[in-house]
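# Structural characterization, general
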Amino acid sequence: MTEPATSRPAGRTVELDERLKAYKGVWVFMEMERGHVHPVSWELIGEARKLADTLGVEVWGVLLATPGEANKAAAQSAFAYGADGVYLMEDAILAEYRTAPYTAGLSYLVDTYKPEILLLGATTLGRDLASAVATTLATGLTADCTKLAIDMDTRSMAATRPTFGGSLLCTIHTLKARPQMATVRPRVMAMPAKQAGRTGRIITTDLGLKEEDIVTKVLDYIPDRDQDQAQLAFADFIVAGGRGLGKPENFRLVNDLASVLGAEVGGTRPLVQAGWIGAERQIGQTGKTIRPKLYIAAGISGAIQHRVGVEGADCIVAINSDPNAPIFDFAHFGLVGDATKILPALTEAFRHRLATGNAI
Ligand SMILES: Cc1cc2nc3c(=O)[nH]c(=O)nc-3n(C[C@H](O)[C@H](O)[C@H](O)COP(=O)(O)OP(=O)(O)OC[C@H]3O[C@@H](n4cnc5c(N)ncnc54)[C@H](O)[C@@H]3O)c2cc1C
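Residues numbered from 1 in each chain as written. Predicted model: local features only at pLDDT ≥ 70, side-chain atom pairs only at ≥ 80, totals over all residues. Heavy atoms only, no water.

## Some points on the overall build of the protein
Convention followed: Put simply, DSSP marks the helices as runs of H or I at least four residues long and the strands as runs of E at least two long, and each gets a number from the N terminus on. We compute the radius of gyration over the C-alpha atoms and compare it with the globule rule, which gives 2.2 Å times the number of residues raised to the power 0.38. Under the scheme applied here, a residue whose accessible area is under 20% of the maximum for its type counts as buried, over 50% as exposed, and between as partly exposed, the area being computed with a 1.4 Å probe on protein chains only. In what follows, a contact means two residues having at least one pair of non-hydrogen atoms within 4.5 Å. Areas reported as accessible are Shrake-Rupley estimates using a 1.4 Å probe. Residue values count occlusion only from the protein chains shown. By the counting scheme adopted, Arg and Lys are positive, Glu and Asp are negative, and His together with the chain ends is not counted. By convention, the point assigned to a charge is CZ for Arg, NZ for Lys, CD for Glu and CG for Asp.
A tally of helices and strands in the protein yields nine helices and 17 strands. The C-alpha atoms of the protein give a radius of gyration of 23 Å, which matches the 21 Å a tight globule of 360 residues would have. Counting only C-alpha atoms and orienting by the principal axes, one finds that the protein spans roughly 70 × 65 × 40 Å. Sorting the 360 residues of the protein into buried and exposed places 49% on the buried side. Taking all contacts inside the protein whose residues are at least 6 apart in sequence as the whole, residues at least 24 apart take part in 67%. As presented, the protein carries roughly 17400 Å² of accessible surface, and 53% of it is formed by carbon and sulfur atoms. For the protein, the separation between the mean place of its 37 positive charges and that of its 40 negative charges on side chains is 4 Å.

## Section: helix α5 (residues 124-137)
The cut-off we apply is this: Helix span, expected: 1.5 Å multiplied by one less than the number of residues in the helix.
Look at α5: 20 Å from first C-alpha to last across 14 residues, which is about the 20 Å you get at 1.5 Å a residue. For α5, every residue scored as buried is listed here: Leu-125, Gly-126, Leu-129, Ala-130, Ala-132, Val-133, Ala-134 and Leu-137. Residues of α5 that are buried in the fold lie against β1 (26-29), α4 (99-113), β6 (117-121), β7 (141-145) and β11 (180-184). Where α5 ends, the next residue or the one after it, Ala-138, has phi of about 55°, a positive value.

## Remarks on the sheet that holds strand β9 (residues 156-163)
Defined as follows: Between any two strands, at least two bridges found by DSSP are needed for them to pair. The axes used here are C-alpha line fits, helices contributing only the stretch in contact, and every angle between their N-to-C directions lies in the interval 0 to 180 degrees.
The sheet built from three strands is open, its strands ordered β8-β9-β10 with antiparallel pairing. Looking at strand neighbours, the two that pair on one side only are β8 (147-151) and β10 (168-172), the edges of this open sheet. The mean angle between the axes of side-by-side strands here comes to 25°, regardless of whether they run parallel or antiparallel. Pairing of β9 with β10 involves five bridges; the strand directions are antiparallel. Bridge pairing in β10 links Thr-163 to Leu-168. Of the strands in this sheet, β8 and β9 touch helix α2 (residues 39-55), which is tilted by about 10° from β8.

## A few points about the pattern of salt bridges
Going by this rule: Salt bridges are defined by distance alone: a side-chain nitrogen of Lys or Arg within 4 Å of a carboxyl oxygen of Asp or Glu.
All chains considered together, the criterion is met by 19 salt bridges. Ionic pairing is found between Arg-34 and Glu-96, a salt bridge with its closest N-O pair at 2.5 Å. Of this pair, Arg-34 sits in the loop between β2 (32-33) and β3 (36-37) while Glu-96 sits in the loop between β5 (85-90) and α4; the two residues are 62 residues apart in sequence, bridging distant segments of the chain. Assessed through its relative accessible area of 45%, Arg-34 is described here as partly exposed. Residue class for Glu-96 comes out partly exposed when judged on its relative accessible area of 26%. Residues Lys-217 and Glu-211 are paired through a salt bridge, measuring 2.9 Å at the closest nitrogen-oxygen approach. What emerges from the salt-bridge pattern is a single network uniting Arg-49, Asp-53, Asp-84 and Arg-198.

## Quick notes on the site of the ligand
The condition that has to hold: When at least one non-hydrogen atom of a residue lies within 4 Å of a molecule or strand, that residue is treated as near it. Any pair of nitrogen or oxygen atoms within 3.5 Å is treated as a polar contact; in protein, a donor-acceptor pairing is required on top of that, and neighbouring residues in sequence qualify only through side-chain atoms on both sides.
Taken together, 26 residues form the shell around the ligand, and within it Arg-243, Thr-268, Thr-286, Ser-301 and Gln-305 come nearest. Gly-244 places a main-chain nitrogen or oxygen 3.3 Å from a nitrogen atom of the ligand. For the ligand, an oxygen atom lies 3.1 Å from a polar atom in the backbone of Arg-269. Taken by itself the ligand offers 990 Å² of open surface, and the protein chains cover 75% of this. Of all the secondary structure elements, the ones that give two or more residues to the shell around the ligand are α7 (269-273) and α8 (304-310).

## A short note on the sheet that holds strand β13 (residues 237-241)
The five strands lie next to each other as β14-β13-β15-β16-β17, forming an open sheet whose pairing is parallel. Edge strands, defined here as strands with exactly one partner in the open sheet, are β14 (264-267) and β17 (333-336). Between one strand axis and the next, the sheet turns by 15° as a mean value, whatever way the strands run. Two strands pair when backbone bridges link them, and strand β15 (residues 294-298) and strand β16 (residues 315-320) are joined in this way by five bridges, in the parallel orientation. Bridge pairing in β16 places Leu-294 opposite Cys-315.

## Here we look at the domain arrangement of the protein
Heads up, the condition is: Each domain's extent is set by a domain assignment, obtained either automatically or from a database. Accessible area, probed at 1.4 Å, shrinks when two parts are joined; the buried area is that loss added up over both. Classes in brief: Ala, Val, Leu, Ile, Met, Phe, Trp, Tyr, Cys and Pro nonpolar; Asp, Glu, Lys and Arg charged; the others, Gly included, polar.
Segmentation of the protein into domains returns domain 1 (18-213) and domain 2 (226-358). Listed as interface residues are 13 residues of domain 1 and, on the opposing side, 11 residues of domain 2. Approximately 1000 Å² of surface area, both sides summed, lies buried where domain 1 meets domain 2, with 49% of it carried by carbon and sulfur atoms. At the junction of domain 1 and domain 2, the tally comes to zero salt bridges. Summed over the shared surface of domain 1 and domain 2, the result is seven residue pairs in polar contact (both at pLDDT 80 or more). Per-class residue counts for the side of domain 1 that touches domain 2 are six nonpolar, four polar and three charged.

Structure below.
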């Protein structure tokens, strides 16, 4: 008789050692900039709630900020989105993000209150902070996850992310260290519903660092000049084009449809590389992850690196001349044909429908 197959890779311990058992709860780092919490923090609180319910533990937000009323309001929002409590570390030193004080503050909180899971948004700030905290605490960090789950056999987090240029999805467990850390890009997880009247506890701490202890100084704040440009990640309607449009002039057909629908415009990586569109409009693994209500993809093959960025869309409409294009594997509606003919026809049809007073 042969040994029964086991799905557990060699070396995985089932029983956590006593030191690791002391870590409890799922935390979300609440990214606050100039009084505004980044929406990815709420998306992560929604996800943390699911993980915590599976584990039977609490969800806590962690907010590091300069003292102010905005912090209490942010904590209230965290409760409404599903957090049971918020660790609030207030200090004037934390007014602008700097790696050193934020790393010191977050590492201190983790050491003191011992969460088993710590999630951060894979934003510029989150990526910087997560890697610094993980190395300070000597624990495991899985970056840019697209799925998080709990493996109940080991009580460990199964953190899934694309790897090898998106050709593989790998699931990573941190078995021998705590907390288990992961970053997740904005819009990968769904925004949770806000539950009015939900409350929670606030535990306030201070940082105890002096300005002289920190070598980096913020001299000026220059807002991102691109911040008013494409807001693909948060658009409800997006029309995108790919190489199948043939030539840059044809991209106008995407713009035309988008302007009739009030949609944002996006495209695939080859279009960015060819200079047809700006990099801020690239959708996919190395571009933006989107979650619109409607995504219209014209002349896009549906390569895995593109697919991982669009799968969260409620409705995907693909226009492609090749009925075997991979995009038809995950599109909700498919139009087989020449995008340079179908796009203008759709634009006209929507224009007519909207002009005659019929909502989309
Ligand atoms: C590390 C790495 C990261 C990457 N990151 C990204 C990323 O973030 N985003 C991204 O998009 N790509 C990314 N890519 C590139 C990705 O692998 C694909 O090459 C890319 O998505 C293909 O773009 P496309 O669909 O525009 O072009 P193609 O794959 O060339 O597809 C064109 C499609 O148009 C169709 N077509 C042709 N003529 C017409 C017509 N007249 N009407 C309608 N359809 C027509 C064809 O049938 C075909 O399906 C990445 C690649 C790597 C290696």
